[in-house]
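Working through the structure, step by step
Listed below, chain by chain, are the residues.
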Amino acid sequence: MVNAAHIRIAIRKHEPIVRHALTALFPDPDDPVNYEAVEESVDEDIGETLADVLLEILVDAAKVKQFLNFLRARGADPVPRDRNLIFAENIARFDGTLIGTPANNSFDFAALGDFAPRAESFRCQIWINNTFEGSGAFVAPNLVLTAAHVLDPLNAVPAGVDPRLEILASDEKRYRAKCVKLWPYHDSEKAGNLPPGDEVDIALLRIFLPLGHTYGSVDVTGDPPDFEGADLFTLVHYPEGVTKGFMPGKVHREPGAKRFPHDIDTSGGSSGGPGFDSQFRFLGIHQGKWETTKRLVPFEQFHDDPDFQDLINKNSNQRDMWSLSRDIDGTIIIGRNQFVTGLAHMLDHPKSKLRGIWIRREDTTSIRGLGFSYDMLESYLLMQEAPNAAPQHRCIRLGPTLNTDDLLADLAEKANGTVASPDAAAGTTAAQTTDVAFEGSRAETLIADMDLAAQTAGQTWWIYFDNPPEGLSPRAQVQFEHIAKCLPTSENLRLILAGYETYRLSPLRFANVGAVDGAQRSGLLVEELGPFTRSDVEATLNSMITSLDPAKELTPAARRAMVDSALAGLSPDNTGEFDGEHLETVVTRVRQEAKRFLEIEE
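Everything numeric here is computed off the predicted structure, so don't read it as measured data. (Residues numbered from 1 in each chain as written. Predicted model: local features only at pLDDT ≥ 70, side-chain atom pairs only at ≥ 80, totals over all residues. Heavy atoms only, no water.)

Some details on the sheet that holds strand β4 (residues 165-168)
Taken together, 6 strands build a closed barrel; the order of strands is β1-β2-β3-β6-β5-β4 and the barrel is antiparallel. Strand-to-strand twist across the sheet, computed as the mean angle between neighbouring axes with direction ignored, equals 45°. Most of the contacts of helix α5 (residues 109-122) go to strand β1 (residues 123-128), to which it runs at about 20°, and overall it touches β1 and β2 (131-140). (Pairing = 2+ DSSP bridges. Helix = DSSP H or I, 4+ residues; strand = E, 2+ residues; numbered from the N terminus. Axes fitted to C-alpha atoms, helices over the stretch in contact; angles between N-to-C directions. Contact = heavy atoms within 4.5 Å.)

In structure tokens, the structure reads:
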């Protein structure tokens, strides 16, 4: 049971991951729950702590389990765990004559401690028509790997009955799924024989939420293990639908073998569970019995399958953004293609001369889209990172209520002490030069220090400036102009400007990402915020469908009809643009159209 002490441990040891967890679990900008907001709501006069308030928020939102699994997937488990849950006693031990004796006689305990909570998060159960059928694990944000024969009951559903395929995730909730690709087994395998051909008995299931990103996934992008002979082995599975922990055993790998023998005690429901070697590398999935022992479908038998790789890569490396969280019931995004295209270009081409985005409004009296752009930035970067990898990106935000007289000192402070408050270079102190040159030297020093700090951390830092409603002081404005000039020249920093249309800023401006090719100096992509168009709606619908179910055929006629329904009764102006006041209505209709087309239950 998670309590405030556990939350306190998580905050103390893993604050950046806690911040990411709140971004991932509370993506709705109309109901934000971010770290700073939680801090501000703590009432110290009554003895409240940050951990108390955060736990209360998670309990009220019924997201304690999701929060814990998000942390576990990233190696930040704050809950002390009984080791017996990791090493459950393996009673029915086989004699191992087909396996041999591993050179190692025990798992690395520290590595096991890291692996166990991650495995507890990424595993799942397969249910068909409310009956537990087998085990599985996430291998991409929306994809679950299991054994093909686990899905055999789908073929036994009576005609006219809609079969219900679901996964039970580690948050103990069921999610509707569909099989997107099945690689069948051979009938002779039911009798324990080896397949005569290249049959592998695996299946990939798709769900409509990116839980594999939230709860972690098995890495199927690297090369399979290539040892020969016996090795230690562990299996992540649900025998008879029961959680028995991660059992130790042995496996024998013969290069090129169609199946590997192992001796983990299994039973009905273990099929589809992922198995791992002594270094906790993915070795294959459990299939069933084999003579006096058990059998594993080797990862190497399907690793190079082009369909398998294509499905994994497309789902893991999505560069578009139709929702803050790839959730069809979440916040849907229409008309921000320029912003997303710019982010994708900078991620795919880190050496590009494109070093940021300037979001500008057609109507400077409106703030629509400015604050939301930060939510988009943070969510987009988070979705591009593997859960168990070190963070590659960091967002630093200078808020919309800026009234400082020393913006450079504020920016240094926002860097959380990794850089000192900036000083001017020798010979350019306030007494030795003009105010403009003095502040310019301070800005260059700060940007250089931040660039070095980001490089040392192995990260890209994204510096986001909100438009201050009351403007900047004269001194802060001079500093800001120097920041906008210096920061885009840095290798490891990126600049996002939201607003600031009335400021005279010097960075080179690109109208589109194509204009970046051949550029001699760095600059910012300009995004103009304004009305939306029919093509914006079409682009969002297309991204939704291809993201959630790329195998579903979306014909031009079907797409046209869906857009017509979304825009029914709304009239564009003479340039073909729709007023932003209609956006909420269109978003609701787009969600309904996509659900109908994908046959997702309301």
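Focus: α5
Compared with an ideal rise of 1.5 Å per residue, which puts 14 residues at 20 Å, α5 spans 20 Å between its outermost C-alpha atoms and is within 8% of the ideal. Looking at the buried residues of α5, the elements they touch are α4 (64-73), β1, β2, α6 (211-215), β7 (229-235) and β10 (274-276). Between a side-chain oxygen at the N-terminus of α5 and the backbone nitrogen of Ala-110 the separation is 3.3 Å; the capping residue is Asp-108. (Expected span 1.5 Å × (residues − 1). Polar contact = N/O pair within 3.5 Å; in protein donor to acceptor, adjacent residues only side chain to side chain.)

Quick word on the packing of aromatic side chains
Taken as a whole and assessed by the stated rule, the structure comprises 17 aromatic pairs. On the numbers, 5.2 Å between centres and 75° between planes, the contact of Phe-302 with Phe-308 is edge-to-face. Here Phe-302 and Phe-308 have matching classes, each one buried. Centroid distance Phe-480 to Tyr-500: 4.3 Å. Interplanar angle 20°. Geometry classified as stacked. Pair noted here: Phe-480 is in helix α12 (residues 474-486) and Tyr-500 is in the loop between β16 (493-498) and β17 (508-510), with a separation of 20 residues, a long-range link. Across this residue pair, the class does not change: Phe-480 and Tyr-500 are buried. Through a chain of ring-to-ring contacts, the aromatic side chains of Phe-107, Phe-115, Phe-122, Trp-183, Phe-276, Phe-280, Phe-282, Phe-299, Phe-302 and Phe-308 assemble into a single cluster. Seen from the ring of Phe-339, Arg-336 lies directly overhead, with NZ or CZ sitting 5.0 Å from the centre. When the ring centre of Phe-597 is taken as reference, the NZ or CZ atom of Lys-552 above it lies at 5.6 Å. (Phe/Tyr/Trp six-rings, centres within 6.5 Å; stacked < 30°, edge-to-face > 60°. Buried < 20%, exposed > 50% of the residue type's maximum accessible area, 1.4 Å probe, protein only. Lys NZ or Arg CZ within 6 Å of the ring centre and 35° of its normal.)

Details of the nonpolar core
In this structure, Leu-145, Ile-167, Ile-202, Leu-204, Phe-282, Phe-302 and Phe-308 are the most contacted members of the largest nonpolar core, which totals 47 residues. Tallying contributions element by element places strand β6 (residues 202-207) first for this core, with 5 residues. Setting aside residues up to four positions removed in sequence, Ile-167 forms contacts with Cys-124, Gln-125, Ile-126, Phe-138, Val-144, Lys-173, Arg-174, Tyr-175, Ala-177, Leu-205 and Ile-207. Counting 31 residues, the second largest nonpolar core, distinct from the first, contains Ala-412, Ala-476, Tyr-500 and Leu-524. (Core = buried A, V, L, I, M, F, W, Y, C linked by side-chain atoms within 4.5 Å.)

Examining the pairing of strand β8 (residues 247-253)
Burial within β8 is extensive, with 6 of its 7 residues counted as buried. Relative to β8, β7 runs antiparallel, the two sharing 7 bridges. Residue pairing across strands places Thr-234 opposite Pro-248, the latter belonging to β8.

Observations regarding the pairing of β6
For β6, the tally of buried residues reaches 6 of 6 residues, placing the bulk of the element in the interior. In this structure, strand β3 (residues 143-146) lies alongside β6, joined through 4 bridges in antiparallel fashion. Pairing of Thr-146 across the sheet is with Ala-203, part of β6. As defined by bridge partners, strand β5 (residues 174-183) adjoins β6 across 6 bridges and the pair is classed as antiparallel. Looking across to β6, one finds that Cys-179 is bridged to Leu-205.

Brief notes about the packing of helix α11 (residues 435-456) against α12
Two elements in contact, α11 and α12, have axes separated by 9 Å at closest approach and are oriented at 45°. Regarding the angle of α11 to α12, the classification is oblique. As for the relative orientation of α11 and α12, their crossing is right-handed in sense. On α12, the residues that touch Val-436, Glu-439, Gly-440, Arg-442, Ala-443, Glu-444 and Ile-447 of α11 are Arg-475, Val-478, Gln-479, His-482, Ile-483 and Cys-486. Partitioned by chemical class, the residues of the contact of α11 with α12 number 6 nonpolar, 3 polar and 4 charged. (Parallel < 35°, antiparallel > 145°, perpendicular 65-115°, else oblique. Left-handed = near helix turned anticlockwise from the far one by under 90°. Nonpolar A, V, L, I, M, F, W, Y, C, P; charged D, E, K, R; others polar.)

Focus on unusual backbone geometry
Generally, phi is negative for residues other than glycine and the peptide bonds are trans, each holding for most cases. For Ala-62, which is not glycine, the phi dihedral falls at a positive 55°. Structurally, the position occupied by Ala-62 is in the loop between α3 (50-60) and α4. One non-glycine residue with positive phi stands out, namely Tyr-500, at about 60°. Taking the relative accessible area as the measure of exposure, Tyr-500 reaches 1% and is therefore buried.

A few points about the environment of Met-1
Structurally, the position occupied by Met-1 is in the segment before α1 (4-25). A C-alpha to C-alpha distance of 9.5 Å links Met-1 and Lys-65, two positions 64 residues apart in sequence.

Considering empty space enclosed by the protein
All chains considered together, the criterion is met by 1 cavity of 30 Å³ or more. Lining the largest cavity are Gln-318, Asp-320, Met-321, Ser-323, Leu-324, Ser-325, Arg-326, Tyr-380, Met-383 and Gln-384. Along the lines of polarity and charge, the residues of the lining of the largest cavity split into 4 nonpolar, 4 polar and 2 charged. (1 Å grid on protein atoms, 1.4 Å probe; cavity = no way out; pocket = protein on both sides within 12 Å on 5 of 7 lines; lining within 4 Å. Points joined across faces, edges and corners; volume = space filled by probe spheres on them.)

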